[in-house]
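Listed here are the chains, written in short residue letters.
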Amino acid sequence: MGQRKSAVVSAVASGLGLALMAMGAAAPSAGAADPGSLPYSATTGVGVHNAYEKSKYTHFADALDSGAALLELDVWTNFSGGGWRVAHNNPLANDNNCVNASTAAELRAKPRNQSLAGCLADLRAWHDANSGHRPILIKIEMKDGFAANLGRGPAQFDALVTGKLGDALYRPGDLAAGHATLDEAVRAKGWPARNALAGKFLIHLIPGTVEESNPFDSLWTDREYATHLRDLAASGRLGSAAAFPAVHRAEAGDPRTARYADASLRPWFVVFDGDASAYVSGGIDTGWYAARNYLLVMTDAHKVAPAISATAPTEAQARDRVALLAAARASVLTSDWYTLPSVLSTVVPRG
(Lines give C-alpha, C1' and ligand atoms only; values in the text may rest on other atoms or scores of the structure.)
Protein backbone atom coordinates (compact mmCIF):
# COMPACT_ATOMS: atom_id res chain seq x y z
CA MET A 1 0.00 0.00 0.00
CA GLY A 2 1.29 3.48 -0.89
CA GLN A 3 2.69 5.44 2.03
CA ARG A 4 2.66 1.99 3.62
CA LYS A 5 5.14 2.50 6.36
CA SER A 6 5.49 6.24 5.92
CA ALA A 7 1.90 6.87 7.04
CA VAL A 8 2.38 4.74 10.11
CA VAL A 9 5.72 6.35 10.89
CA SER A 10 4.18 9.80 10.59
CA ALA A 11 1.36 8.76 12.86
CA VAL A 12 3.77 7.50 15.47
CA ALA A 13 5.71 10.74 15.26
CA SER A 14 2.54 12.72 15.93
CA GLY A 15 1.60 10.55 18.88
CA LEU A 16 -1.20 8.77 17.07
CA GLY A 17 0.69 5.55 16.62
CA LEU A 18 1.65 5.55 20.28
CA ALA A 19 -1.99 5.98 21.23
CA LEU A 20 -2.97 3.01 19.14
CA MET A 21 -0.13 0.93 20.54
CA ALA A 22 -1.27 1.82 24.03
CA MET A 23 -4.70 0.45 23.19
CA GLY A 24 -3.11 -2.76 22.00
CA ALA A 25 -4.47 -2.21 18.49
CA ALA A 26 -2.92 -3.55 15.33
CA ALA A 27 -3.86 -3.36 11.68
CA PRO A 28 -5.60 -6.48 10.35
CA SER A 29 -3.17 -9.01 8.94
CA ALA A 30 -3.34 -10.69 5.57
CA GLY A 31 -4.23 -13.92 7.31
CA ALA A 32 -7.16 -12.46 9.26
CA ALA A 33 -10.55 -14.11 9.21
CA ASP A 34 -12.91 -13.68 6.29
CA PRO A 35 -14.89 -10.51 7.17
CA GLY A 36 -18.08 -12.07 5.85
CA SER A 37 -18.02 -14.71 8.57
CA LEU A 38 -17.44 -12.18 11.34
CA PRO A 39 -20.14 -10.40 13.34
CA TYR A 40 -21.21 -7.13 11.74
CA SER A 41 -19.73 -5.24 14.69
CA ALA A 42 -16.36 -6.98 14.28
CA THR A 43 -15.62 -5.55 10.85
CA THR A 44 -14.62 -2.16 9.46
CA GLY A 45 -16.14 -0.71 6.29
CA VAL A 46 -15.91 2.59 4.42
CA GLY A 47 -18.77 5.03 3.91
CA VAL A 48 -19.56 8.17 1.92
CA HIS A 49 -20.59 11.43 3.58
CA ASN A 50 -23.71 13.01 2.00
CA ALA A 51 -23.96 10.44 -0.76
CA TYR A 52 -27.19 12.05 -2.04
CA GLU A 53 -25.30 15.07 -3.43
CA LYS A 54 -25.29 15.29 -7.21
CA SER A 55 -21.69 16.54 -7.19
CA LYS A 56 -20.67 13.11 -5.87
CA TYR A 57 -23.00 10.77 -7.71
CA THR A 58 -25.25 11.57 -10.66
CA HIS A 59 -27.84 9.19 -9.28
CA PHE A 60 -28.27 7.60 -5.87
CA ALA A 61 -28.06 4.25 -7.63
CA ASP A 62 -24.44 5.11 -8.44
CA ALA A 63 -23.75 5.47 -4.72
CA LEU A 64 -25.39 2.11 -4.10
CA ASP A 65 -23.25 0.57 -6.85
CA SER A 66 -20.07 2.02 -5.32
CA GLY A 67 -19.66 -0.76 -2.76
CA ALA A 68 -19.74 1.68 0.18
CA ALA A 69 -20.63 0.31 3.61
CA LEU A 70 -22.49 3.49 4.60
CA LEU A 71 -24.40 6.13 2.65
CA GLU A 72 -25.60 9.34 4.28
CA LEU A 73 -28.81 11.31 3.73
CA ASP A 74 -29.72 14.71 5.22
CA VAL A 75 -33.42 15.17 6.02
CA TRP A 76 -35.45 18.32 6.78
CA THR A 77 -38.89 18.29 8.42
CA ASN A 78 -39.69 21.93 9.32
CA PHE A 79 -42.88 23.83 8.48
CA SER A 80 -41.16 25.79 5.67
CA GLY A 81 -41.82 22.97 3.23
CA GLY A 82 -43.90 19.83 2.90
CA GLY A 83 -42.92 16.27 3.66
CA TRP A 84 -39.53 14.81 4.42
CA ARG A 85 -37.06 16.80 2.31
CA VAL A 86 -33.57 15.58 1.38
CA ALA A 87 -31.03 18.35 0.86
CA HIS A 88 -27.87 19.76 2.39
CA ASN A 89 -28.36 23.50 2.73
CA ASN A 90 -31.86 23.97 1.35
CA PRO A 91 -34.49 23.56 4.10
CA LEU A 92 -37.34 24.38 1.73
CA ALA A 93 -37.04 21.88 -1.11
CA ASN A 94 -35.45 18.63 -2.23
CA ASP A 95 -32.00 18.86 -3.78
CA ASN A 96 -30.55 15.41 -4.33
CA ASN A 97 -29.80 12.58 -6.75
CA CYS A 98 -32.77 10.36 -5.82
CA VAL A 99 -35.36 9.60 -8.53
CA ASN A 100 -38.19 7.69 -6.80
CA ALA A 101 -37.65 4.58 -8.90
CA SER A 102 -40.22 1.80 -8.99
CA THR A 103 -37.92 -0.61 -10.80
CA ALA A 104 -34.22 -0.96 -11.49
CA ALA A 105 -34.83 0.28 -15.02
CA GLU A 106 -35.95 3.62 -13.60
CA LEU A 107 -32.97 4.20 -11.29
CA ARG A 108 -31.29 6.52 -13.80
CA ALA A 109 -34.29 7.42 -15.94
CA LYS A 110 -36.49 9.70 -13.83
CA PRO A 111 -36.18 13.28 -12.52
CA ARG A 112 -33.98 13.80 -9.51
CA ASN A 113 -34.64 15.99 -6.42
CA GLN A 114 -37.09 13.65 -4.75
CA SER A 115 -38.21 13.40 -1.13
CA LEU A 116 -37.01 10.89 1.45
CA ALA A 117 -39.73 8.59 0.14
CA GLY A 118 -38.10 8.80 -3.29
CA CYS A 119 -34.65 7.96 -1.89
CA LEU A 120 -36.12 4.99 -0.03
CA ALA A 121 -37.85 3.88 -3.24
CA ASP A 122 -34.45 3.91 -4.97
CA LEU A 123 -33.03 1.76 -2.19
CA ARG A 124 -35.83 -0.76 -2.68
CA ALA A 125 -35.59 -0.81 -6.47
CA TRP A 126 -31.83 -1.33 -6.28
CA HIS A 127 -32.26 -3.99 -3.59
CA ASP A 128 -34.73 -5.92 -5.72
CA ALA A 129 -32.19 -5.99 -8.56
CA ASN A 130 -29.27 -6.91 -6.30
CA SER A 131 -30.47 -9.65 -3.98
CA GLY A 132 -27.86 -10.69 -1.46
CA HIS A 133 -26.09 -7.32 -1.61
CA ARG A 134 -23.68 -6.25 1.13
CA PRO A 135 -25.29 -4.90 4.31
CA ILE A 136 -25.54 -1.12 3.93
CA LEU A 137 -25.85 1.28 6.82
CA ILE A 138 -27.97 4.30 5.89
CA LYS A 139 -27.02 7.24 8.08
CA ILE A 140 -29.72 9.87 8.33
CA GLU A 141 -28.90 13.27 9.76
CA MET A 142 -32.16 14.88 10.83
CA LYS A 143 -31.02 18.41 10.00
CA ASP A 144 -33.67 20.17 12.09
CA GLY A 145 -34.99 17.17 14.00
CA PHE A 146 -38.34 15.45 13.94
CA ALA A 147 -41.55 17.51 13.72
CA ALA A 148 -44.24 15.33 15.27
CA ASN A 149 -46.58 18.31 15.43
CA LEU A 150 -46.46 18.42 11.63
CA GLY A 151 -46.98 14.70 11.18
CA ARG A 152 -43.28 14.03 10.79
CA GLY A 153 -42.38 12.32 14.06
CA PRO A 154 -40.74 8.97 14.87
CA ALA A 155 -43.92 6.93 14.32
CA GLN A 156 -44.50 8.47 10.91
CA PHE A 157 -40.83 7.94 10.05
CA ASP A 158 -41.17 4.24 10.89
CA ALA A 159 -44.28 3.94 8.75
CA LEU A 160 -42.62 5.63 5.78
CA VAL A 161 -39.46 3.52 5.97
CA THR A 162 -41.37 0.29 6.51
CA GLY A 163 -43.70 1.01 3.62
CA LYS A 164 -40.78 1.52 1.26
CA LEU A 165 -38.20 -1.02 2.44
CA GLY A 166 -40.22 -3.76 4.12
CA ASP A 167 -38.22 -6.95 4.49
CA ALA A 168 -35.06 -5.30 3.15
CA LEU A 169 -34.63 -3.63 6.55
CA TYR A 170 -32.79 -4.96 9.59
CA ARG A 171 -34.62 -3.47 12.56
CA PRO A 172 -34.01 -2.82 16.25
CA GLY A 173 -36.61 -5.50 16.97
CA ASP A 174 -34.55 -8.03 15.01
CA LEU A 175 -31.49 -7.26 17.11
CA ALA A 176 -33.34 -7.16 20.43
CA ALA A 177 -35.26 -10.40 19.88
CA GLY A 178 -35.30 -12.29 23.18
CA HIS A 179 -33.81 -9.39 25.14
CA ALA A 180 -35.27 -6.43 26.99
CA THR A 181 -33.13 -3.73 25.35
CA LEU A 182 -30.68 -3.24 22.49
CA ASP A 183 -27.79 -2.91 24.91
CA GLU A 184 -28.64 -6.17 26.58
CA ALA A 185 -28.92 -7.86 23.20
CA VAL A 186 -25.58 -6.79 21.73
CA ARG A 187 -23.68 -7.47 24.93
CA ALA A 188 -25.22 -10.91 25.27
CA LYS A 189 -25.23 -12.18 21.70
CA GLY A 190 -23.71 -9.46 19.51
CA TRP A 191 -24.74 -8.60 15.97
CA PRO A 192 -25.38 -11.19 13.24
CA ALA A 193 -22.54 -12.14 10.93
CA ARG A 194 -22.12 -9.95 7.87
CA ASN A 195 -23.12 -12.89 5.69
CA ALA A 196 -26.36 -13.20 7.68
CA LEU A 197 -27.11 -9.53 6.98
CA ALA A 198 -26.68 -9.91 3.22
CA GLY A 199 -29.50 -8.13 1.41
CA LYS A 200 -30.27 -5.83 4.35
CA PHE A 201 -30.24 -2.10 5.02
CA LEU A 202 -29.74 -0.75 8.53
CA ILE A 203 -30.60 2.84 9.45
CA HIS A 204 -29.08 4.98 12.15
CA LEU A 205 -30.17 8.49 13.10
CA ILE A 206 -28.19 11.44 14.42
CA PRO A 207 -29.28 14.93 15.48
CA GLY A 208 -28.70 17.54 12.79
CA THR A 209 -26.49 20.60 12.75
CA VAL A 210 -29.47 22.96 12.78
CA GLU A 211 -31.19 21.04 15.56
CA GLU A 212 -28.07 21.01 17.73
CA SER A 213 -27.60 24.78 17.34
CA ASN A 214 -31.26 25.67 17.94
CA PRO A 215 -31.61 27.16 21.46
CA PHE A 216 -35.37 26.53 21.34
CA ASP A 217 -35.05 22.80 20.59
CA SER A 218 -34.58 20.73 23.71
CA LEU A 219 -35.74 17.42 22.25
CA TRP A 220 -33.08 16.26 19.83
CA THR A 221 -33.42 13.33 17.44
CA ASP A 222 -31.35 10.93 19.53
CA ARG A 223 -33.38 11.37 22.70
CA GLU A 224 -36.71 11.55 20.89
CA TYR A 225 -36.15 8.33 18.96
CA ALA A 226 -34.68 6.47 21.96
CA THR A 227 -37.79 7.43 23.93
CA HIS A 228 -39.85 6.10 21.02
CA LEU A 229 -37.98 2.77 21.13
CA ARG A 230 -38.32 2.45 24.88
CA ASP A 231 -42.05 3.10 24.71
CA LEU A 232 -42.58 0.74 21.79
CA ALA A 233 -40.78 -2.01 23.69
CA ALA A 234 -42.90 -1.39 26.77
CA SER A 235 -46.04 -1.87 24.70
CA GLY A 236 -44.74 -4.93 22.85
CA ARG A 237 -44.43 -3.09 19.53
CA LEU A 238 -40.66 -2.77 19.09
CA GLY A 239 -40.96 -4.70 15.83
CA SER A 240 -42.41 -1.60 14.15
CA ALA A 241 -39.29 0.51 14.77
CA ALA A 242 -37.17 1.19 11.71
CA ALA A 243 -33.94 2.77 12.96
CA PHE A 244 -31.21 2.82 15.58
CA PRO A 245 -30.60 6.14 17.35
CA ALA A 246 -26.93 7.06 17.65
CA VAL A 247 -25.05 8.94 20.33
CA HIS A 248 -23.58 11.85 18.38
CA ARG A 249 -20.08 13.24 18.92
CA ALA A 250 -17.06 11.56 20.49
CA GLU A 251 -16.66 11.60 24.25
CA ALA A 252 -14.55 9.69 26.75
CA GLY A 253 -16.07 7.02 28.95
CA ASP A 254 -19.69 6.02 28.44
CA PRO A 255 -21.09 9.08 26.65
CA ARG A 256 -24.64 8.02 27.46
CA THR A 257 -24.19 8.66 31.17
CA ALA A 258 -23.81 12.43 30.97
CA ARG A 259 -25.82 12.84 27.78
CA TYR A 260 -29.08 11.26 28.95
CA ALA A 261 -30.32 12.17 32.40
CA ASP A 262 -33.12 9.64 31.97
CA ALA A 263 -31.26 6.37 32.56
CA SER A 264 -34.07 4.38 30.93
CA LEU A 265 -32.98 5.76 27.54
CA ARG A 266 -29.36 4.68 27.73
CA PRO A 267 -29.86 0.97 26.90
CA TRP A 268 -31.40 1.93 23.54
CA PHE A 269 -28.11 3.27 22.18
CA VAL A 270 -25.72 0.74 20.63
CA VAL A 271 -24.51 2.97 17.77
CA PHE A 272 -22.06 5.81 18.36
CA ASP A 273 -21.11 8.42 15.76
CA GLY A 274 -18.39 11.04 16.03
CA ASP A 275 -15.21 12.61 14.76
CA ALA A 276 -12.44 10.15 13.91
CA SER A 277 -9.66 12.41 15.17
CA ALA A 278 -11.34 12.71 18.57
CA TYR A 279 -11.73 8.95 18.90
CA VAL A 280 -8.19 8.22 17.83
CA SER A 281 -6.16 10.94 19.51
CA GLY A 282 -8.53 12.39 22.11
CA GLY A 283 -7.83 9.99 24.94
CA ILE A 284 -10.91 7.86 24.22
CA ASP A 285 -10.70 4.12 24.86
CA THR A 286 -12.27 2.72 21.71
CA GLY A 287 -11.74 -0.77 23.07
CA TRP A 288 -14.74 -0.04 25.30
CA TYR A 289 -16.98 0.00 22.21
CA ALA A 290 -15.51 -3.12 20.65
CA ALA A 291 -15.73 -5.12 23.88
CA ARG A 292 -19.46 -4.39 24.09
CA ASN A 293 -20.17 -5.06 20.41
CA TYR A 294 -21.24 -1.47 19.80
CA LEU A 295 -21.08 0.07 16.33
CA LEU A 296 -18.64 2.97 16.13
CA VAL A 297 -18.92 5.31 13.14
CA MET A 298 -15.86 7.54 12.71
CA THR A 299 -16.46 10.61 10.54
CA ASP A 300 -13.99 12.85 8.69
CA ALA A 301 -11.48 10.04 8.39
CA HIS A 302 -9.28 12.20 6.17
CA LYS A 303 -8.60 14.67 9.01
CA VAL A 304 -6.81 12.20 11.24
CA ALA A 305 -3.13 13.13 11.40
CA PRO A 306 -1.43 13.06 9.01
CA ALA A 307 -4.35 14.62 7.09
CA ILE A 308 -5.06 13.46 3.55
CA SER A 309 -7.47 14.66 0.88
CA ALA A 310 -11.17 14.59 1.73
CA THR A 311 -12.11 13.80 -1.87
CA ALA A 312 -9.17 12.45 -3.84
CA PRO A 313 -6.39 10.86 -1.83
CA THR A 314 -4.30 8.27 -3.54
CA GLU A 315 -5.65 4.76 -3.18
CA ALA A 316 -2.62 3.90 -1.07
CA GLN A 317 -3.29 6.81 1.30
CA ALA A 318 -6.93 5.85 1.66
CA ARG A 319 -6.11 2.20 2.30
CA ASP A 320 -3.56 3.17 4.94
CA ARG A 321 -6.23 5.26 6.62
CA VAL A 322 -8.67 2.36 6.56
CA ALA A 323 -6.07 0.14 8.23
CA LEU A 324 -5.30 2.80 10.81
CA LEU A 325 -8.94 3.34 11.79
CA ALA A 326 -9.74 -0.36 11.72
CA ALA A 327 -6.94 -0.75 14.25
CA ALA A 328 -8.58 2.04 16.25
CA ARG A 329 -11.79 -0.06 16.21
CA ALA A 330 -14.00 1.88 13.83
CA SER A 331 -16.99 -0.08 12.56
CA VAL A 332 -17.32 2.34 9.66
CA LEU A 333 -15.14 5.28 8.69
CA THR A 334 -16.51 8.00 6.45
CA SER A 335 -15.16 10.68 4.15
CA ASP A 336 -15.92 11.90 0.61
CA TRP A 337 -13.88 9.28 -1.24
CA TYR A 338 -16.47 8.74 -3.96
CA THR A 339 -13.63 8.67 -6.51
CA LEU A 340 -12.28 5.44 -5.02
CA PRO A 341 -14.82 2.61 -5.35
CA SER A 342 -12.08 0.05 -4.80
CA VAL A 343 -11.55 1.53 -1.33
CA LEU A 344 -15.24 2.01 -0.59
CA SER A 345 -15.85 -1.69 -1.08
CA THR A 346 -13.08 -2.63 1.36
CA VAL A 347 -14.12 -4.57 4.47
CA VAL A 348 -11.52 -5.69 7.01
CA PRO A 349 -11.62 -7.14 10.53
CA ARG A 350 -12.03 -4.50 13.22
CA GLY A 351 -9.26 -4.05 15.75
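Counting restarts for each chain, with residues numbered from 1 along the sequence as it is written. Local features in this predicted model are restricted to residues whose pLDDT is 70 or higher, and side-chain atom pairs enter the listing and the counts only when it is 80 or higher, whereas totals over whole chains, interfaces and linings include all residues. Side-chain measures were taken over the full set of non-hydrogen atoms in the model, leaving aside hydrogen atoms and water.

**Some thoughts on the state of the cysteines**
No. 1: Two cysteine sulfur atoms make up a disulfide if the distance between them is within 2.5 Å. The final tally for this structure, using the stated rule, is one disulfide.
No. 2: Each disulfide pairs two cysteine sulfurs, and for Cys 98 the partner residue is Cys 119, the sulfurs being separated by 2.0 Å. Measuring handedness by torsion sign, the sulfur bridge of Cys 98 and Cys 119 sits at about 100° and is right-handed. Within this pair, whereas Cys 98 is found in the loop between strand E3 (85-86) and helix H4 (116-129), its partner Cys 119 is found in helix H4, the two being separated by 21 residues in sequence.
No. 3: Any residue under 20% of the maximum accessible area for its type is buried, any over 50% is exposed, and the rest in between are partly exposed; the area is computed with a 1.4 Å probe on protein chains only. Here Cys 98 falls in the buried class, since its relative accessible area comes to 0%. Numbering of helices and strands runs from the N terminus, with a helix taken as a DSSP run of H or I at least four residues long and a strand as a DSSP run of E at least two residues long.

**Brief notes about the environment of Thr 314**
No. 1: Among the structural elements, Thr 314 can be located in the loop between strand E8 (295-299) and helix H13 (315-327).
No. 2: Judged by relative accessible area, Thr 314 falls into the partly exposed class, the value being 43%.

**Quick notes on the pairing of E8**
No. 1: Across the five residues of E8, five count as buried, placing the element largely inside the fold.
No. 2: Examined bridge by bridge, strand E7 (residues 271-275) and E8 share five bridges and lie parallel to one another. Considered in E8, the bridge of Val 271 is made with Leu 295.
No. 3: Inspection of the sheet shows E8 paired to strand E9 (residues 332-335) by two bridges, in the parallel sense. Any two strands with at least two DSSP-identified bridges between them are counted as paired.

**Thoughts on the packing of H4 against helix H5 (residues 154-165)**
No. 1: Axis geometry follows a simple rule: fit a line to the C-alpha atoms, using only the stretch in contact for helices, then measure angles between N-to-C directions, giving values from 0 to 180 degrees. Relative orientation of the contacting elements H4 and H5 amounts to 30°, with a least axis distance of 8 Å. Our pair here, H4 against H5, has a crossing hand that is right-handed. From H4, Leu 116, Ala 117, Leu 120, Ala 121, Leu 123 and Arg 124 reach across to H5, where they touch Phe 157, Leu 160, Val 161, Lys 164 and Leu 165.
No. 2: Just so you know the grouping, Ala, Val, Leu, Ile, Met, Phe, Trp, Tyr, Cys and Pro go in nonpolar, Asp, Glu, Lys and Arg go in charged, and all remaining residues, Gly too, go in polar. Split into classes, the residues belonging to the contact of H4 with H5 amount to nine nonpolar, no polar and two charged. Whether a crossing is left-handed or right-handed is set by the direction in which the near helix is turned from the far one by less than a right angle, anticlockwise for left-handed and clockwise for right-handed. Contact criterion: two residues are considered in contact whenever any of their non-hydrogen atoms come within 4.5 Å of each other.

**Structural notes on the pattern of salt bridges**
No. 1: When a carboxyl oxygen of Asp or Glu lies within 4 Å of a side-chain nitrogen of Lys or Arg, that pair is called a salt bridge. Under the counting rule described, the total for this entry stands at 20 salt bridges.
No. 2: When the shortest N-O distance is used, the salt bridge between Asp 273 and Lys 139 registers 3.0 Å. One end of the pair, Asp 273, is in strand E7; the other, Lys 139, is in strand E4 (residues 136-142), and 134 residues separate them in sequence.
No. 3: Judged by its relative accessible area of 0%, Asp 273 falls in the buried class.
No. 4: Under the relative-accessibility criterion, Lys 139 is labelled buried at 4%.
No. 5: Here Arg 230 makes a salt bridge to Asp 231, at a shortest N to O gap of 3.0 Å.
No. 6: Overall, the relative accessible area of 38% leaves Asp 231 in the partly exposed class.
No. 7: Three or more residues joined by partner-sharing salt bridges are found here, namely Asp 183, Arg 187, Asp 254 and Arg 256.

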